[in-house]
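# Observations on the three-dimensional arrangement
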Amino acid sequence: MDGRKKLVRRIAEEIRNCFGTRAVIGRMGVNRFIILQNREEEGMIEKELGALSGKLQAIHSVDGWPCTLFLRTAQVDCTETEDVDEMKTLLLRRLSGNEA
């Protein structure tokens, strides 16, 4: 398995460790993941994302290949869109900085 695949698996593992069975985790393309989760107590998602960011920034190499990871996030509430496709579109726009 090449280093890129191992890195993606490591990132997925860290996401699963942070969100566990409380979320549905998927991939959108090569380097994007999507986490679908029911609303929790105020500030809980931000806390989980902060923990995930720290874990990802602690990864400095995979199979001897140096790397630096940064976490960029966007959030969408289910009330903002009509369906999952619209939700994904809005997430991508927010990640690119084209929508607040």
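My aim in this report is to walk through the structure given alongside it, one point at a time. What you see is a predicted model; the values in this text were computed from it and never measured. (Residues numbered from 1 in each chain as written. Predicted model: local features only at pLDDT ≥ 70, side-chain atom pairs only at ≥ 80, totals over all residues. Heavy atoms only, no water.)

### Thoughts on the layout of surface pockets
Applied cut-off: A cavity here means a set of points on a 1 Å grid, drawn over the protein atoms and nothing else, where a 1.4 Å probe fits but cannot get out; a pocket is an open set with protein on both sides within 12 Å along at least five of seven lines, and a residue lines either one if it has an atom within 4 Å of a point. Grid points are joined across faces, edges and corners, and a volume is the space filled by probe spheres set on the points. Comment: elements are numbered from the N terminus, with helices defined as DSSP H or I runs of at least four residues and strands as E runs of at least two. For this scheme, ten residues count as nonpolar: Ala, Val, Leu, Ile, Met, Phe, Trp, Tyr, Cys and Pro. Four count as charged, namely Asp, Glu, Lys and Arg, and the remainder, Gly too, count as polar.
Roughly 1300 Å³ of volume is contained in the largest pocket. Lining the largest pocket we find 43 residues, and of these Phe33, Ile34, Ile35, Thr73 and Ala74 sit closest to its centre. For the lining of the largest pocket, the secondary structure elements donating two or more residues are helix H1 (3-19), strand E2 (33-37), helix H2 (44-57) and helix H3 (84-96). Grouping the constituent residues of the lining of the largest pocket by class yields 27 nonpolar, 6 polar and 10 charged.

### Topic: H3
Given 3.6 residues to a turn, an α-helix orients residues that are three or four positions apart in the same direction. Our working definition: For a helix, the expected span equals 1.5 Å multiplied by the residue count minus one. To sort residues, take the accessible area from a 1.4 Å probe on protein chains only and compare it with the maximum for the residue type: under 20% means buried, over 50% means exposed, and anything in between is partly exposed. By definition, the arc is the one covered by directions from the helix axis to the C-beta atoms. By definition, residues are in contact when any of their heavy atoms lie within 4.5 Å. Think of a polar contact as two N or O atoms within 3.5 Å of one another; within protein, one of them needs to be a possible hydrogen donor and the other a possible acceptor, and neighboring residues in sequence only count if both atoms come from side chains.
If you check H3, its first and last C-alpha atoms are 18 Å apart, about what 13 residues at 1.5 Å a residue would give, namely 18 Å. Met87, Leu90, Leu91, Arg94 and Leu95 are the residues of H3 that are buried. One side of H3 holds all its buried residues, which, seen down the axis, span an arc of 135 degrees. Summarising the contacts, the buried residues of H3 are in contact with E2. A side-chain oxygen of the first residue of H3 lies 3.1 Å from the backbone nitrogen of Asp85; this N-cap is Asp83. After H3 finishes, the residue Gly97 shows a positive phi value of roughly 85 degrees.

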